[in-house]
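# Structural description and commentary
The lines below spell out each chain.
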There are 2 protein chains.
Amino acid sequence: MQSNSNLLKNGWKLECLKLNKVKPVPSDIEIVRAHKCKPIAQLANEINLDKYDLYGQYKAKVTMQTPDVSDPSSRGKYVVVTGITPTPLGEGKSTTTIGLAQSIGAIIGKNCFACIRQPSQGPTFGIKGGAAGGGYSQVMPMEDFNLHLTGDIHAITAANNLIAAAIDARAFHETTQSDQALFNRLVPFKHGKREFNKIQKKRLEKLGINPNAKPGDLLPEQVRDFSRLNIDTKAIIWHRVMDINDRFLRKITIGQGSNEKGFSREEQFDISVASELMAVLALANDLRDVRERVGRIVVAQSRHDPPRAITCEDLGVAGAVTVLLKDAVKPTLIQTLEGTPVLVHCGPFANIAHGNSSIIADKIALKLVGTDGYVLTECGFGADVGLEKFINIKCRTSGILPDCVVIVASVRALKMHGGGPTVTPGAPIPKAYQEENLELLKNGLCNLKAHLHNITQHFQLPVVVAINRFTSDTEAELQLVRKEALAAGATDACIADNWAQGGEGAIDLANAVIRTCEKNSMTGRYLYDERLSIKQKIERIACTIYGAESVEYSEVADDKIKRFEAFGYSKLPVCIAKTHLSLSHDPNIKGAPSGFRFPIIDIRVAAGAGFVYPLAGTIQTMPGLPTRPAFYDIDIDPDTEEIEGLF
Amino acid sequence: MQSNSNLLKNGWKLECLKLNKVKPVPSDIEIVRAHKCKPIAQLANEINLDKYDLYGQYKAKVTMQTPDVSDPSSRGKYVVVTGITPTPLGEGKSTTTIGLAQSIGAIIGKNCFACIRQPSQGPTFGIKGGAAGGGYSQVMPMEDFNLHLTGDIHAITAANNLIAAAIDARAFHETTQSDQALFNRLVPFKHGKREFNKIQKKRLEKLGINPNAKPGDLLPEQVRDFSRLNIDTKAIIWHRVMDINDRFLRKITIGQGSNEKGFSREEQFDISVASELMAVLALANDLRDVRERVGRIVVAQSRHDPPRAITCEDLGVAGAVTVLLKDAVKPTLIQTLEGTPVLVHCGPFANIAHGNSSIIADKIALKLVGTDGYVLTECGFGADVGLEKFINIKCRTSGILPDCVVIVASVRALKMHGGGPTVTPGAPIPKAYQEENLELLKNGLCNLKAHLHNITQHFQLPVVVAINRFTSDTEAELQLVRKEALAAGATDACIADNWAQGGEGAIDLANAVIRTCEKNSMTGRYLYDERLSIKQKIERIACTIYGAESVEYSEVADDKIKRFEAFGYSKLPVCIAKTHLSLSHDPNIKGAPSGFRFPIIDIRVAAGAGFVYPLAGTIQTMPGLPTRPAFYDIDIDPDTEEIEGLF
């Protein structure tokens with residue numbers, strides 16, 4: 001292992017790691033095994049990070065407070081990486097993000113952080129495909145990254161399920177006890193005295209009862225109101241979660257034990273990353289913000305007329321949930337193959353949630369890189385979904401808009417949009433994608449152009465196209481994409497060969513991104529004013545970004561929108577849950593469709609995360625295991641502790 | 001914080017931490033807050049431990065290989081801490097273990113490790129009561145100890161549930177596909193070639209098919225036999241788990257989604273520490289042993305006639321499960337209030353499993369303390385359950401018998417055995433326990449004597465009685481217990497006041513333990529030969545240790561015992577699941593009952609952990625939340641990150 005030390009601006013002194021490149025490019029795990037991490041304490045020292053907790057030798061949790069980087073002169077350049085509408089195989093957004101970070105950080109020698117999402121463990125053992133990048137653009141330690149990492153998702157699972165247990169237990173105890181018995185248990189005598197605790201005083205206040213009242217002073221109606229949340233068990237919207245692909249938990253009946261008889265109800269498990277707590281962590285600015293958002297989470301409706309929203313604060317569980325999340329609120333520092341720093345933090349769903357890594361990690365990185373540095377942050381799905389939510393939800397919450405957008409395109413995906421045959425995971429790639437076909441490619445460029453139009457016109461941001469080179473791409477194909485991208489308004493368009501070459505392969509792209517950030521005169525804007533009505537916001541997104549002609553609402557959605565406005569949720573941004581495989585709601589419609597009616601079949605609220613999420617179709621929140629799951633090839637050598645078969 | 005450094009034998013140079021004692025003794029969390037941990041890297045250095053991974057500043061995972069300590073001259077003295085039959089409130093076994101460690105390690109100045117179990121998070125948020133000791137005998141950091149610690153239980157949860165998802169998914173895919181389709185998916189073509197992987201070759205071998213056969217060479221029956229596990233979904237014995245008190249998951253129906261229709265079945269969630277994987281980790285000698293035990297776990301029976309046992313190895317999931325447990329196999333190093341070292345590792349149930357912390361932790365500690373040092377290990381429940389299983393299951397597996405037993409007794413519990421009123425958690429303590437009552441106490445001493453008889457006669461081990469002093473105990477009461485204990489064969493009997501005084505309060509006890517270990521001539525023995533039949537083993541335990549006259553078996557148990565013997569499980573030790581609140585099977589029978597018929601209503605196997613477990617009654621494996629759960633008082637200060645209300 002050789003290394004070259006560069007003295008960088010802003011005090012970083014990064015020891016970059018040299019790649020041991022081999023041709024043809026070996027498997028991801030073979031590459032990772034051929035490269036050794038530097039101790040994470042060394043990396044922290046190199047980038048002047050002194051507040052961290054080690055988790056083993058190669059991972060650290062960053063313990064510094066979230067810095068205020070609202071003033072652009074206090075932070076580095078903020079670059080967001082998105083993609084065109086992908087095939088189901090993905091087009092290499094993570095690989096481009098990591099490769100670009102290696103290029104800016106290790107090759108060009110500017111301070112650079114990549115901020116990425118933590119992957120769910122479900123797919124790791126289900127359908128093969130890591131989230132650590134690929135080829136010579138990967139993060140290390142790759143195994144830990146794809147497994148427990150520093151336990152954040154497990155903490156979310158535990159906290160989520162504590163809330164779920166609290167809901168059912170509370171409903172159960174309320175049904176089986178009188179008002180007074182309930183009150184006596186909630187406010188017990190201790191050594192002959194009884195008093196309300198902190199959480200209970202908050203509840204008194206919410207109910208309009210003097211929080212300094214003595215327990216004995218409450219009137220019978222107040223005792224009842226205090227003691228009974230009156231949960232409507234048919235209107236519980238909080239579900240249990242598990243970070244496993246377990247299709248048999250998609251729809252279940254709970255509470256069938258002999259002691260709970262009569263209280264059984266229908267329930268479902270979602271995969272853990274679909275928990276609202278994941279979105280809460282990703283959108284919070286600090287621990288205090290987490291505590292407040294957790295308290296606001298709506299878990300159910302009451303049986304009152306009109307129904308009341310029941311929150312985690314009402315259940316008295318918000319403090320304990322925040323305690324469970326106290327370490328998960330801290331991003332994890334790891335490194336790229338070339339030794340540049342990476343922050344991993346949160347991984348909310350990109351449909352029912354906003355699909356972006358955390359605000360806390362981005363802010364810490366923006367401070368640490370200094371004013372000459374760069375922070376790359378990746379958003380989920382294509383630009384119609386992930387980037388739209390990045391701008392309108394994440395940036396709105398953080399107060400920081402990006403300096404530049406990078407959009408990843410692949411010849412493969414563009415050919416698919418041009419009418420190429422169906423691409424299916426697991427099946428062989430059709431021939432059209434393996435040989436030159438300029439006709440298909442030309443037809444499919446409409447998808448890239450639609451995204452470029454959205455970014456430059458609607459978000460008013462400069463955009464660089466990264467053409468992720470696949471081994472079967474021809475020079476003529478790559479140049480055609482480049483030419484058309486420039487003609488469609490991209491600031492630049494570069495072929496990125498970092499999968500095969502690491503940071504060196506993305507040097508053109510890196511220079512283009514740096515140039516764009518330096519001379520950028522576009523400051524970006526939100527797509528909509530949050531004070532618009534829920535429907536106006538949905539229509540603005542669907543009709544400008546997706547290309548729809550109109551939006552149609554189911555009766556359920558219509559009713560719920562009215563109810564949400566009455567509950568005061570109308571000022572929240574909207575987070576549309578739709579497929580990422582089309583600009584429209586229908587995964588089979590490729591290219592750049594227009595003139596379609598966009599359907600909203602249902603709408604839900606994430607009051608803690610701070611958005612409403614309309615559903616444009618059925619969204620699967622619990623994946624399943626295939627006949628031959630990825631775990632089939634995974635094993636460990638008991639002597640070396642080396643993991644086998646993980647990608 | 002003052003400290004005094006002692007240069008100890010065997011190279012330890014421990015900086016002991018001074019207690020800041022206050023009277024009356026404050027709450028556990030107040031005490032912990034008034035004491036600061038030393039950095040765990042410092043403690044590791046002091047005890048010559050150089051192989052570890054930090055998890056933050058105050059926790060470390062020990063990464064050294066399990067040492068061979070089979071030769072007594074290669075290790076320290078091994079002391080096991082158990083208890084008399086307790087009240088439901090517990091009699092301070094953990095507090096005594098920690099206080100004794102503080103006394104031997106910090107006051108007397110000998111090398112001393114305490115090895116304890118990791119508590120489940122369920123009770124932390126359910127019914128108050130930490131497992132970190134109490135008063136001035138506690139481990140730090142107490143919050144982390146009671147929460148995620150280093151993620152071991154979360155890893156077990158994830159691994160357990162991966163197995164569960166694998167079972168149902170496999171059964172589902174088998175039912176919906178032909179033999180050949182199944183085979184083609186299990187052994188897919190890649191670049192025109194197909195081959196069996198490592199896991200599949202093991203399966204071929206098991207089925208008596210040449211493991212070097214080519215996939216195309218298999219005969220149709222072999223294709224069927226290879227591809228179909230033929231899981232009898234009515235005979236699945238593996239359950240999902242969650243580390244939360246969630247009573248609504250005690251009995252559920254899964255698989256009711258529209259895509260799984262027709263495959264729904266009854267299921268239950270147990271609390272995570274009840275997972276067989278917890279027992280596997282606790283009884284394994286190293287990672288290789290974990291891998292092999294996981295492979296042997298029986299999860300279901302097949303539909304074949306006669307049925308076959310389906311294992312994790314058959315499912316192809318054993319490697320992935322071991323990968324998930326690769327960090328959990330390593331014990332966690334923390335410290336006591338007085339700065340002495342503690343290893344925390346595993347916490348299997350004490351009824352359906354064996355209730356002891358891990359063999360790996362004990363062996364590492366026995367090596368690290370050196371030949372002049374002491375290792376204290378605690379077992380769950382009373383001596384009839386936890387100690388019996390310690391000797392006959394844990395020690396048999398590790399090959400190391402203890403040098404001395406410490407049995408913890410309290411005046412409170414003895415009075416209960418003498419006919420005192422019922423003690424109920426949450427309710428005020430009856431008066432009889434708060435004032436001198438020598439009569440009740442004298443009547444109740446039979447329970448202590450029965451345990452002493454078992455230890456000295458049946459296990460042939462020397463035993464020291466630790467009388468855990470409560471504030472309301474009188475001198476006459478304490479002396480009576482002491483006198484009677486000595487008369488009943490205890491090597492010594494000492495009043496332990498370490499809850500109020502820390503290590504100084506257990507100095508008599510510490511000296512008695514040291515003396516006993518030094519002059520011990522009893523070497524201990526197992527209660528039974530493992531080659532006895534299952535019934536003979538059950539009867540040996542019930543009729544000698546519990547005092548039963550005979551054992552009666554239900555028809556179900558009778559049938560299953562026959563089946564288990566046919567499956568080859570008859571040589572496994574037995575792990576009887578019974579109440580800890582009585583020497584008998586009935587929690588209401590106090591004292592030292594005899595002449596009763598001991599009922600076995602069912603029997604199960606933990607083939608990976610390596611025992612069969614007969615059930616002497618219904619065992620609750622999923623607790624519930626009370627009306628006012630402990631989480632009600634738990635919150636976090638967002639500025640200081642200080643946790644409030646945790647005990």
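Since the model is a prediction, treat every value here as computed from it, not as a measurement. (Residues numbered from 1 in each chain as written. Chains lettered and ligands numbered in written order. Predicted model: local features only at pLDDT ≥ 70, side-chain atom pairs only at ≥ 80, totals over all residues. Heavy atoms only, no water.)

Its place among the elements puts Q301 of chain A in strand β14 (residues 298-302). When sequence neighbours within four positions are dropped, the list of residues in contact with Q301 of chain A reads N230, I231, D232, A235, P307, R308, I310, R563 and F567 of chain A. (Helix = DSSP H or I, 4+ residues; strand = E, 2+ residues; numbered from the N terminus. Contact = heavy atoms within 4.5 Å.)

Moving on, we get to the sheet that holds strand β15 (residues 309-311) of chain B. All names here are of chain B. Spatially, three strands are ordered β9-β14-β15 in an open sheet, and the strand pairing comes out antiparallel. The open sheet is flanked by β9 (231-236) and β15, the only strands paired with a single partner. Along the sheet, successive strands turn relative to each other by an average axial angle of 50 degrees, direction set aside. Taken together, the two bridges between β9 and strand β14 (residues 298-302) define a ladder with antiparallel strand orientation. In the strand pairing of β14, I236 is matched with A300. (Pairing = 2+ DSSP bridges. Axes fitted to C-alpha atoms, helices over the stretch in contact; angles between N-to-C directions.)

Let us now look at helix α15 (residues 383-398) of chain A. Residues and elements named next belong to chain A. Taking 1.5 Å per residue as the helical rise, α15 with its 16 residues ought to reach 22 Å, whereas the 19 Å between its terminal C-alpha atoms falls clearly short. If you look at α15, its biggest bend is around 35 degrees, right at F390. The buried fraction of α15 is high, at 15 of 16 residues. (Expected span 1.5 Å × (residues − 1). Bend = angle between axes of the 7 residues up to and from the residue. Buried < 20%, exposed > 50% of the residue type's maximum accessible area, 1.4 Å probe, protein only.)

A few words on the environment of I538 of chain A. Residues and elements named next belong to chain A. Structurally, I538 is set in helix α21 (residues 534-546). Taking C-alpha positions, I538 is 27 Å from L445, a pair spaced 93 residues apart along the chain. Every residue in contact with I538, bar those within four places of it in the chain, is listed here: V551, Y553, I561, V574, I576, I600 and P614.

What follows covers the packing of helix α10 (residues 276-283) of chain A against helix α11 (residues 287-296) of chain A. Residue and element names in this part refer to chain A. Where α10 contacts α11, the two axes come as close as 9 Å, and the packing angle between them is 145 degrees. As α10 runs across α11, the sense of the crossing is right-handed. Seen from α10, the contacting residues are L277, V280, L281 and L283; seen from α11, they are D289, V290, R293 and V294. Taken together, the residues of the contact of α10 with α11 break down into six nonpolar, no polar and two charged. (Left-handed = near helix turned anticlockwise from the far one by under 90°. Nonpolar A, V, L, I, M, F, W, Y, C, P; charged D, E, K, R; others polar.)

For the pair chain A and chain B, the relating rotation is 180 degrees, the translation along its axis is 0.0 Å, and the fit reaches an RMSD of 0.1 Å. Within this description, the copies of the chain are treated as partners about a two-fold rotation axis. Residues of chain A ranked by C-alpha distance from the rotation axis are headed by Y55 of chain A, positioned 2.1 Å from it. (Least-squares fit on C-alpha atoms with pLDDT ≥ 70 in both.)

Moving on to the pairing of strand β25 (residues 611-615) of chain B. Residues and elements named next belong to chain B. With five of five residues buried, β25 lies mostly within the body of the structure. Where burial is concerned, the two faces of β25 agree: the one with F611, Y613 and L615 and the one with V612 and P614 are both buried. Summarising the sheet, strand β24 (residues 602-606) and β25 pair through five bridges and their orientation is antiparallel. Counted as the bridge partner of A606 is F611 from β25. Counting the residues in the hairpin turn of β24 and β25 gives four residues, including G610, whose phi is positive at 95 degrees.

Moving on, we come to the packing of aromatic side chains. Residues and elements named next belong to chain A. Evaluation of the coordinates by the stated rule reveals 26 aromatic pairs over all chains. Between W12 and F113, the ring centres sit 5.9 Å apart and the planes meet at 85 degrees, which makes this aromatic pair edge-to-face. Residue W12 is located in the loop between β1 (3-7) and β2 (13-17), and its partner F113 is located in strand β6 (residues 112-116); the two are separated by 101 residues in the primary sequence. Here F113 falls in the buried class, since its relative accessible area comes to 0%. Judged by centre distance (5.7 Å) and plane angle (80 degrees), the ring pair of F183 and F226 falls under edge-to-face. Here the residue F183 occupies a position in helix α7 (residues 179-186), and F226 occupies one in helix α9 (residues 220-227), the gap between them amounting to 43 residues. With a relative accessible area of 1%, F183 lands in the buried category. For F226, a relative accessible area of 1% translates into the label buried. (Phe/Tyr/Trp six-rings, centres within 6.5 Å; stacked < 30°, edge-to-face > 60°.)

A separate point is the domain arrangement of chain A. Residue and element names in this part refer to chain A. Its domain assignment divides chain A into domain 1 (3-45 + 57-151 + 328-519), domain 2 (153-323) and domain 3 (534-615). Each of domain 2 and domain 3 has a C-alpha centre, and the two are 29 Å apart. Counting from both sides, the interface comprises 12 residues of domain 2 and, opposite them, 10 residues of domain 3. Both sides together, the interface formed by domain 2 and domain 3 hides about 770 Å², and carbon and sulfur atoms give 57% of it. Three residues, E276, V298 and Q301, lead the burial of domain 2 against domain 3; their summed loss comes to 42% of the area buried on that side. Scanning the region where domain 2 abuts domain 3 turns up zero salt bridges. Taken together, the links from domain 2 to domain 3 amount to five residue pairs in polar contact (both at pLDDT 80 or more). Those elements that provide at least two residues to the side of domain 2 that touches domain 3 are α10, α11 and β14. (Domains from an automatic or database assignment. Buried area = accessible area lost by both parts, 1.4 Å probe. Salt bridge = Lys/Arg side-chain N within 4 Å of Asp/Glu carboxyl O. Polar contact = N/O pair within 3.5 Å; in protein donor to acceptor, adjacent residues only side chain to side chain.)

Another point: unusual backbone geometry. A negative phi holds for most residues other than glycine; trans holds for most peptide bonds. Look at the link from K23 of chain B to P24 of chain B: it is a cis peptide, with omega at -10 degrees. For P24 of chain B, the location among the structural elements is in the loop between β2 (13-17) and α1 (28-33). Residues M140 of chain B and P141 of chain B are joined by a peptide bond in cis, for which omega reads -10 degrees. In this structure, P141 of chain B sits in the loop between β8 (137-140) and α5 (142-146). For N230 of chain A, which is not a glycine, the phi torsion comes out positive at approximately 60 degrees. We classify N230 of chain A as partly exposed; its relative accessible area is 25%.

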